[in-house]
Structures are given as structure tokens and as C-alpha cells.
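Here are the chains, one letter per residue:
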Amino acid sequence: MKELFPAKQVMGFVFSLILTIVALLVYYTDMSFTAGMTVLLITAFIQAGLQLIVFMHAGETKDKGAIYTNIYYGVFMALITILGTLLCMIWGYV
Amino acid sequence: MDFFDRFAIPNPSPVIYASMVAIGLTVLAIIAGLTHFKKWGYLWREWLTTVDHKRIGVMYLISALLMLFRGGVDAVMLRAQLATPDAKLLDAQHYNEIFSTHGVVMILFMAMPFIIALFNFVVPLQIGARDVAFPRLNALSFWLFFMGAMLFNISFVLGGSPDAGWTSYFPLAGNQFSESVGTNYYMIAIQIAGIGTLMTGVNFMTTILKMRAPGMKLMKMPMFTWSALVANLIIVFAFPVLTVALAMGTMDRLFGTHFFSTDAGGLDMLWANLFWVWGHPEVYILILPAFGIYSEIISTFAKRNLYGYKSMVWSMVVIAGYSFLVWAHHFFTMGQGALTNSIFSITTMAIAVPTGVKIFNWLFTLWRGKIQMTVPMLYSILFIPLFTIGGVTGVMLAMSAADYQYHNTMFLVAHFHNVIIPGVVFAMLAGLTYYWPKMFGFMLNEKIGKWTAWLLSIGFVLAFFPMYITGLDGQARRMYTYSASTGFGPWNMAAFIGALIMAVGFALIVYNIYYSVRYASRDIGSDPWDARTLEWATHTPVPEYNFAITPQIDSIEPFWDAKKNGQELFKGKFEKIHMPNSSGMPFIMGCIFFAWGFSFVFSIWIPLIITTIGIFVCLALRSFEVDHGHYITVDEIEETETKLRGAN
Amino acid sequence: MKIDNSLPLEYSTEENQLKVLGFWIFLGAEVMLFGTLFATFFTLVHRTAGGPTGAELFEITPVLIETFLLLASSFTIGLGIHAMRLGRKNAMLAFFGITLLLGLGFLGVEIFDFVQYVHEGATIQTSGFTSILFSTLGTHGAHVSVGFFWGLFIMLQVKKRGLTPQNANKAFIFSLYWHFLDVVWIFIFSFIYLKGMM
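Just so we're clear, the structure is a prediction, and the values are computed from it rather than from any experiment.

A. Spotlight on the overall build of chain A. Regarding its fold elements, chain A presents three helices and zero strands. Reading the secondary structure of chain A in the N-to-C direction produces α-α-α. Each of the three principal axes of chain A carries a C-alpha extent, and together these read 60 × 40 × 15 Å. The buried share of chain A, taken over its 94 residues, is 33%.

The following block contains the structure:
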């Protein structure tokens, strides 16, 4: 039975629960918007990285260069799209 | 009868009824012809169910050429209407419909399939592969594109064409101002074709990353393959944005949501924003493969290796990154502040730098080369100065303050035609001429080809350079007429004559194909251009398995080095080859998608639900299907190889 | 078909390796798809047109249940792949079954949540904000629903045909998809719900 629950994945799961609880602090405590967003950004991206590396085995084959480049490129372009859209639609009207 | 009212044309005219009759007769003629010559089985076995990348490439090519003429007829009608002041040839509504379909057809159903045709035919051969990574997905991509294009094209005889421009800006594209189903066609037909294109992107990225012949490192790939890799990377990251934007537009029109509406918290300019987040990378999806084609051709006919290989690669990678950082230059006049405009202005101008690097590299490749002025080379030589003018006017448009003068004028129309026609269209025609012998086993006539190239260039200059002048003088785009007092008349007449000259040029392409089919020599060998890359190392016609033995690569131009230094490309002996099986599923799924799109356009809900289920059933069947492909035996390979070697 | 026995079953043929890389590239496209939805969400989040705002609509309890269900399912699908690599077919099927049940639970709570929103006067037609809220959540939910059937089909195939290279490859790719949906949910949880209730 024990071999079905590898330590790495159990630890990963525990860690992701901890990250979720940390993120919940922004709801249960009185935080400024900046502080809250900082906490959320940090926990969300660590959580995503955790899934990618521990659970999705992104780095286990010789294609890992292509896989990581592709995902980082996607995340970068998604961030550019989000920030650029906000710049054009909301922030840019001062 | 109420049910059938929705299919009526909202703005009928004799031309549309004539087209209906023409379409009906053509369909009947095709069906009768196939039946008379007993070609139904051949069509099904060899084409509709094929998963061979070469045949799929040819089908893309035929579709692209058909759409070129469909969009070209639109263009001539537009120029005819504008040729004289206060002309009555078309009314405002028909003019709107025609410029909208002209734009969509030319960009999405002509230029895109044309480059994908060349990806399909050339890329696996250039990297020494037997097929693409996912052959059946490739067939599905084609059928989705094809059915999307067909759905879009029936709009003008059933229910009305889209009339809100190829950019389909809201609120104009909303229900209030576009009542007919035309804009539904736009949203749904492009969605279907776009899903196909996205799958193409995934497929070719995987193919190029994983299926290169042994020894072909990334920095030893031919330039066209590099351009294909970068363009498909952009496809993978840009097309999802279009998918989302079109889905939102569809929901706004059919389900009453408020994404782009002007009330209830919607934001109309968000559509423009999302459209160009996709739209700007899209133009680089078109131009980078064109650059790749020019690189192959210039190096082949200058008889020199490409100057600055590494800088060529890096400039494409940089362009791919920048292409996602410039989109707001399409709406500098929207009203956002100077800071936003300045940021996008600077990123836009910065793109000129890597593009300039490429222009200089081509010039240095030509420098002291032994230039052979073949038709593909003629297009490439004409491309360099004409495209540079388009690039320079692009930098003018990039200056956000000055853009208030140029925005939505004929100056802009002249600019983007100036980059797309000498940039993309010339490259596709050059690529068509260059790869024609590999595809069909004979060459296109050089003399007619040169006439075509010159007519297109002269026609192009005459058609579009006057628009720079009238645009600066304030002639707005998308206006169906103007008064004589504006003084635009003579310039627009010149443009119309230019358009006619271009029409003659395009007609000559058809004549050239006819002439060459009849008279061209079939005895041309497998390497008629004395070329440099792997696609010329295999036989003509290319056997099903492309290469009997997988080539071993140790340089950028393996075939050239093999010819000059006598290196052996194909080491080892024949082994049985694994090939994918043909399948009717992609074609059937394409047909279901067509029915799905059609029901969606006209909001006929029951067939929509049935076809949606049908699509998922197809996916489920595919999941359970066991298909290990088949093997070509050593005996069969030997037989084919002996026969083909004899033919050469 | 050459089978390389030094690699895990899901990578053992060339075709399998192609499929894994191809799916990763497709996930890159999915990142952009959800990125666009988020871009639209952040643009329209305050455009409520007098309708309900996020702070008025959102309840922490169902959101927390959804989050823990999906996190747990991401854990169990990981265990399923681990069991598959050990060749433990029944354990793998059990973990896959648990994963799909957790996914079904997630969908149940999400649908319940949607019904609540509609009761409070927020439909997809109410405002720019509700349009994109339902669309973003709905796109994720639709992915989970498709995943449910996909996972079910793979379980049936493994049961019927055993742990062949093809089935192992399908199961592995499905696990990538499922983990990815968890990642998307983390961002929905953080930047739609928690930010909205902050």
C-alpha cells in the first residue's frame, strides 16, 4: 500500500493545501489591496509551478527544453495580453 | 413559410441571383462530371480520406487558388465602383458586404491556406520526415478550414453576407446595426476554420521539434522550416485569443450577453482590443513563411548559401516576440492616453529593425552571386524594393501622433496591401512556381510566368500608390463613393486600371497552368532548379513514404553538399516503413461541423444540438478506435524505387 | 512499432512521445485561451451596470469546497499515474475512479453555485461583469465535464485492453489535462473569487 503513496506527491499535496490556506488569509484577515494581491500572486504562481513540476512531470524527458520554453512563452504572452488589455482599456486614460 | 424566410437575401440584386444560378450549375456540373467519369471512388479513396501531407497540401493549394479568385473578383468590383465619382455600380450595402468578404477571404481563406499548403508539402520533406506528427489531425485541420471557408462563402446566397468589415468592430457588428445573419456567418465560419488552424499549429510545431532527420540540429534547419516553426508558434499562441473573441461575439449576437454591447456594462472597444491581440500576430504568421520562401529561392538562384543564417533565425524569433507587443497601433485614435500610445508606438517601430536585418541579409546573399533570373527569383527581386516601401510607410503609421492623420484612410489601405501583396502574395506565387515541379512533375512556363510577375508588379504599383496620395488628402476607407470636387477621381481611375492589370496577371496564372499541363516537358528529373535542401533529394513524383532511407544530415545545405562533395545522404539499406492509414473520419467530422455552423448561423436549435452531439460521438469513437497504421514492405519499396529511378 | 523498454510505458513508442509533446504545446494554447478570458474578466469586473457585484454574489463555502475537491482530484490523478508506472492496474483504476468522482462533486457544487447566482438576479445577460463571470467559470466547467467523459473512456479501455503503451499514453495525457484544469482553477480561485471578496 505504501508504495502507492510516494512521499514526493504526498508532500506536494500537503504543500498545495498550505498554499491555499495562506491565500485564504486575504479573505479572513483585513489586508490592503496591494498586500492582498501580492499574497495571491505569490501563492497562485507557486501553486502552478508545483503542479507543473511535481505532478505533471514536465522535466522528466529530453523534450523538457521544448516543454518549458513553450509553457513559459505561453504564460509570458498571457500576462502581456492581460496587462496590455488593461493598459488599453482601463489604465491608459489619465 | 416563416421558417424559410430567414434564408432570404436581405438586399437582393441581379448579380446575386446570377451567382446563385452559377453556383447551382457548377455543383451540378461537378456531380455530373464525377458520375460520368466514374471518379467518385477515386475521389473518396485518394483525396477525401487521405492523411498524406503532400495531398493535403495540394488540397489546401487548390482551395487557396479558388479563394484568390473569389476575393479578386470582390476587389475588382470595389475598384470599379470607386473608379469614378458618384458611381452607381454598387450601392452602399453591397459595397459594405463586398469589402468585408474581400478582407476575410483574402486573409483567412486565401493567404492562410496558401502558406499552410506550403507547410504541408514542403516541411516534412525539408526535414527528412515521412509525414507530419499527427497525420489524421492534419486531415481534420484541412477539412475544418475547408468547411469554414465554404460556410462563409454561401453567405451571399443564403441569408446575406457579413457587412461590418473584415475586423467586424462592435457596436457596428452587434444586432442593432447588423440585423442580417451575415455577421453570424463571420463569427462561426471563422471559428470553425480557426480551430483547424490552431490544430495545424500544434501539429507542425511537434513535427518540426521531434521529427527531424538524424543530425539536423535546430541551427541546421532550412530557413523555410525555421519560418514555419516560428509561424506555427505564433499560431498556437494567437489563435486562442480569436477563439475567445469570436465566441464572445457570437454570444453577444445570439444569447444577449454584454461583452461588447454599449449598454449594461459592455465595452465595445474590447472587441477591437482582442481582435488585434490576435490580428497583429496574424500578419506575422503570414509574412514569416513568406520570408522563409524568399530565403530558399534567393539562395538557390544566387547559387550562394544564405548570408547571415543565425541573424536570419534570430530576427524571426525576435519578430515573433514583438508581434504580440504592438497590437494597440491599430487603434491609436481610440482615446487612450499618450503613455499607452507611446509604448505601442515604440514597440511597433522596433519591429523594423529585425525586418531590416533580413532585407540586408538577402541583399548580401545576392551580392556577387551568380544570379539566375527564373520566375521565382524575379518575384523575389521585385519583392525587395516594393516591400521596403510598404515597410517604410508602416513606420510612418507607427508614429501615434501622425497616425491621427492616416487612421482609416486610403493611406492605411495602401500600406497594408503594399506589405501583403509584394510580401505574401508574391512569395506564395514564387513558392508555387518553385515547388510546382516537385508537386506535379512538370514546370510552369517561364515566359508566361515572367509576364505574370511584371503585370502583377506594374498593376500593383498603379493600383495602390495613388491611394497613398488620396489617403493623405483625406479619402476615407470603406466609403462607397465620393464627390467629384474632392479631386480623387483621376487617382481612383488609375487605381482601377491597376486592378484590371493585376486581374490580367492572375488570369495568366490559370493560362500558364493550362499551357504547361499541355505542353511542358515531363522529363525534368527530381532537381530541376539545382537546389540545395532535402526536399529535392527525393524522387519526383514524391513516393508515399517520401524517403526510402532516412537521410543523415551534417550541414545546413545537406543536398548541395552531397551534390558538390559527393557525401552520401542515404546510408544503410531498405527497411519496412510504418505509415498511417487513411480515414474517412476527418471528412465526416468536417461535414458535421459544416451542419453545426449552418444551424448556429440561423439559430436552428435542434439540428445544432444533434450536430454538437455528433461531434462528441466522433471524438469518442476515435478514442476507442484501434489503428496501428500499416507497413510498406521492403519488396514494395524496392519496386517503387526502381520504377522512380527509371523515370528520372 | 519500436518499443523502448527503458522508458515508462507512456513514452515507449515514438508516436507516444510525439503525442505527449503535442499535448504540452496544446496546453500552451490553453494558457492563452484562459489568459484572454482573464484579460476580459479584469476589464469588465467593475462594469456591473447596477447588477450584483462579485462581493455581493460570492460565498466562501462553496468556493472552498470546489477548491479542495479539485486539489484532491489533482493529487489522486497523480497517484493514478504513479500506480500505472508501477504496473498496478487495479490501483490505477481506483485512483482514476476517485478522481472522476471528485470532479463530479466539483461540477455539482459549481452548478449549485450557478443556480444561487441566478436566484440573486445574476444571469449571463445581466451585465458585462456577469457575462464574463459565467463565461470564464463555464469554460473551465466545460473542460472538467469533457474531462470526466474522456477519463471514463480511458478507464474503460484500460479495463478492457489492459495497460498497453497506447492506453498508458492516453492516461498520462489525460493526467496532464486534469492537472492543468487544477492550475486554471487556482487562478480562478485567487483572482476571481478571493480578489472579489477581499
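B. Structural context of the overall build of chain C. When its secondary structure is counted, chain C shows six helices and zero strands. Its C-alpha atoms give chain C principal-axis dimensions of about 65 × 30 × 25 Å. A buried classification covers 58% of the 198 residues belonging to chain C. Within chain C, counting contacts between residues at least 6 apart in sequence, those at least 24 apart form 78% of the total.

C. Seen up close, helix α7 (residues 182–210) of chain B. An ideal rise of 1.5 Å per residue puts 42 Å on 29 residues; α7 of chain B measures up with 42 Å between its terminal C-alpha atoms. Where burial is concerned, most of α7 of chain B is hidden: 27 out of the 29 residues are buried.

D. How the structure looks around the domain arrangement of chain A. For chain A, the assigned domains are domain 1 (1–56) and domain 2 (61–94). Taking only C-alpha atoms into account, the centre of domain 1 of chain A sits 21 Å from that of domain 2 of chain A.

E. How the structure looks around the nonpolar core. Core analysis: the biggest nonpolar cluster contains 291 residues, and Ile-234 and Ala-245 of chain B have the highest contact counts within it. Looking at this core element by element, the count peaks at 22 residues for helix α5 (residues 92–126) of chain B. Taken together, domain 1 (1–56) and domain 2 (61–94) of chain A each give at least three residues to this core, which thus spans both. Beyond its immediate stretch of four places on either side in the chain, Ile-234 of chain B contacts Pro-281, Tyr-284, Ile-285, Ala-320 and Ser-323 of chain B.

Reading the values: rules and limits
Residues numbered from 1 in each chain as written. Chains lettered and ligands numbered in written order. Predicted model: local features only at pLDDT ≥ 70, side-chain atom pairs only at ≥ 80, totals over all residues. Helix = DSSP H or I, 4+ residues; strand = E, 2+ residues; numbered from the N terminus. Buried ≥ 20, exposed ≤ 12 C-beta atoms within 10 Å, placed from the backbone. Contact = placed C-beta atoms within 7 Å. Expected span 1.5 Å × (residues − 1). Domains from an automatic or database assignment. Core = buried A, V, L, I, M, F, W, Y, C linked by C-beta atoms within 7 Å.

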